[in-house]
Amino acid sequence: MDYENKLVLAPMVRVGTLPLRLLAAQYGADITYGEEIIDRKFVKCERRVNEHIGSIDFVEKGAENVVFRTCNQERNQVVFQLGTSDAVRALTAAQIVIPSLRCKDVAAIDINMGCPRSFSISGGMGAALLTKPELIHDILTTLRRNLVTPVTCKIRLLKSSQDTVELARQIEKTGVSALAVHGRRVADRPRDPAKWSEIADIVAALSIPVIANGDVFEYDDFRHIKDATGASSVMVARGALWNASIFSPEGKVPWDDVKREYIRKSILWDNDIKSTKHTLKEMIMHYSSLELPEGKAVIKSECLADLAQLYGEDKYYQIVNAKRFLVN
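Since the structure is predicted, the reported quantities are computational estimates derived from the model, not experimental observations. (Residues numbered from 1 in each chain as written. Predicted model: local features only at pLDDT ≥ 70, side-chain atom pairs only at ≥ 80, totals over all residues. Heavy atoms only, no water.)

(A) Up close: the overall build of the protein chain. Looking only at helices and strands, the protein chain features 14 helices and twelve strands. Taken over the C-alpha atoms alone, the protein chain extends approximately 55 × 40 × 35 Å along its principal axes. With 328 residues in all, the protein chain has 56% of them scored as buried. Across the protein chain, the fraction of contacts at a sequence separation of at least 24, relative to all contacts at a separation of at least 6, is 65%. (Helix = DSSP H or I, 4+ residues; strand = E, 2+ residues; numbered from the N terminus. Buried < 20%, exposed > 50% of the residue type's maximum accessible area, 1.4 Å probe, protein only. Contact = heavy atoms within 4.5 Å.)

Structure, rendered in structure tokens:
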């Protein structure tokens, strides 16, 4: 995995599933992060090849629900992000998806150290790790010693730029391949401007690649944040959720076309209906309203067939399912 001059899809809870990752890659994303997977849940999973749709599924034993779905098409660019507060458990989870050099389904492992949600913090994960440098060192060095793929982490800014730089230096000493930095503090809200200047302080202090994240909404913003921070690569979250074609140097594709392509990929990879609806609602709320006919129809949809009909992809839905029937 090369972290120089890359456009990166950020990890997003309930959104960064296989269809959106492949959609972002189709439009030009070089690296795509999956949504955060909690280690306690993933250690209960087993790897299964889903011949029905051609995917690789990690399924929770007993519950039989798919916790993480990937495919060979993305194996060299997808990053598996873990939520953890324990080095041994993190390694156990990571080795399920990367058991050996010859058998690995993802390109890298990333540790979430920036999520401000109460669920993560109460479990000692996400942003809670920012105040525990010894635990950070334990988790990252354990993974580095035992895995054959790159290990990275994603952090937020601390109270002062000096504190963040000091933490970043300690992280660099663990041997990680890159560091992603969200230019906001834990208490900051999305509407608060990202502090690009503090990301620049981190870049100046490190020798490993730094991936800058925060306030990237247009293709030109990739260059703007690189120029302002000196970062090696740039990561985008909301801008890609609202229109994944932000990664295209030719300019954004019309919003309706992006939604239809997302529906097609959700159908092709049999994406969970709740996840698909959640992602669509997030797209709609940025440009429109859930109170309008489209939003209400998405909310009422009970299956992928309903969404296919809503977006004029019912013929595609029938073709995909007919081929699966023939193969089976």
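(B) Main features of the nonpolar core. Ranked by internal contacts, the top residues of the largest apolar core, which has 86 residues, are F42, I109, I111, L143, L179 and F247. It is helix α3 (residues 87–97) that contributes the most residues to this core, seven residues altogether. Look past the residues within four positions of I111 in its chain and what remains in contact with it is Q81, L82, T84, L129, I139, L140, L143, T152, C153 and K154. Y3, A10, Y33 and V79 belong to the second-largest nonpolar core, a separate cluster that totals eleven residues. (Core = buried A, V, L, I, M, F, W, Y, C linked by side-chain atoms within 4.5 Å.)

(C) Structural detail: helix α10 (residues 255–268). Here α10 contains 14 residues, and its C-alpha end-to-end distance of 20 Å stays within 8% of the 20 Å for a straight helix at 1.5 Å per residue. Those residues of α10 that sit buried are W255, V258, K259, E261, Y262, I263, K265, S266 and I267. Buried positions along α10 lie against α1 (18–27), α9 (238–242), α11 (273–287), α12 (293–300), α13 (304–310) and α14 (314–327). (Expected span 1.5 Å × (residues − 1).)

(D) Main features of the environment of E46. Summarising the element assignment, E46 is placed in strand β4 (residues 45–50). Measuring from C-alpha to C-alpha, the distance between E46 and L304 comes to 26 Å, with 258 residues separating the pair along the chain. When near neighbours in sequence (up to four residues on either side) are disregarded, E46 contacts D57, F58, V59 and K61. A polar side-chain atom of E46 sits 2.7 Å from a polar atom in the side chain of R48. (Polar contact = N/O pair within 3.5 Å; in protein donor to acceptor, adjacent residues only side chain to side chain.)

(E) A look at the sheet that holds β4. Strand order in the open sheet made by the three strands is β4-β5-β6, with antiparallel pairing throughout. Two strands close off the open sheet at either side, each with one partner strand: β4 and β6 (66–70). Sheet twist, expressed as the mean angle between neighbouring strand axes with direction ignored, is 20°. Pairing between strand β5 (residues 55–60) and β6: four bridges, direction antiparallel. Each bridged residue has a counterpart across the sheet, and for V59 the counterpart in β6 is V66. (Pairing = 2+ DSSP bridges. Axes fitted to C-alpha atoms, helices over the stretch in contact; angles between N-to-C directions.)

(F) Molecular detail of the pattern of salt bridges. Going through the model one piece at a time under the given rule, you end up with 19 salt bridges. Linking D215 and R238 is a salt bridge whose minimum nitrogen-to-oxygen distance equals 3.8 Å. In this pair, D215 is assigned in the loop between β11 (210–213) and α8 (219–229) and R238 in helix α9, connecting sequence segments 23 residues apart. One connected set of salt bridges, linked through shared partners, spans E261, R264, K265 and E313. (Salt bridge = Lys/Arg side-chain N within 4 Å of Asp/Glu carboxyl O.)

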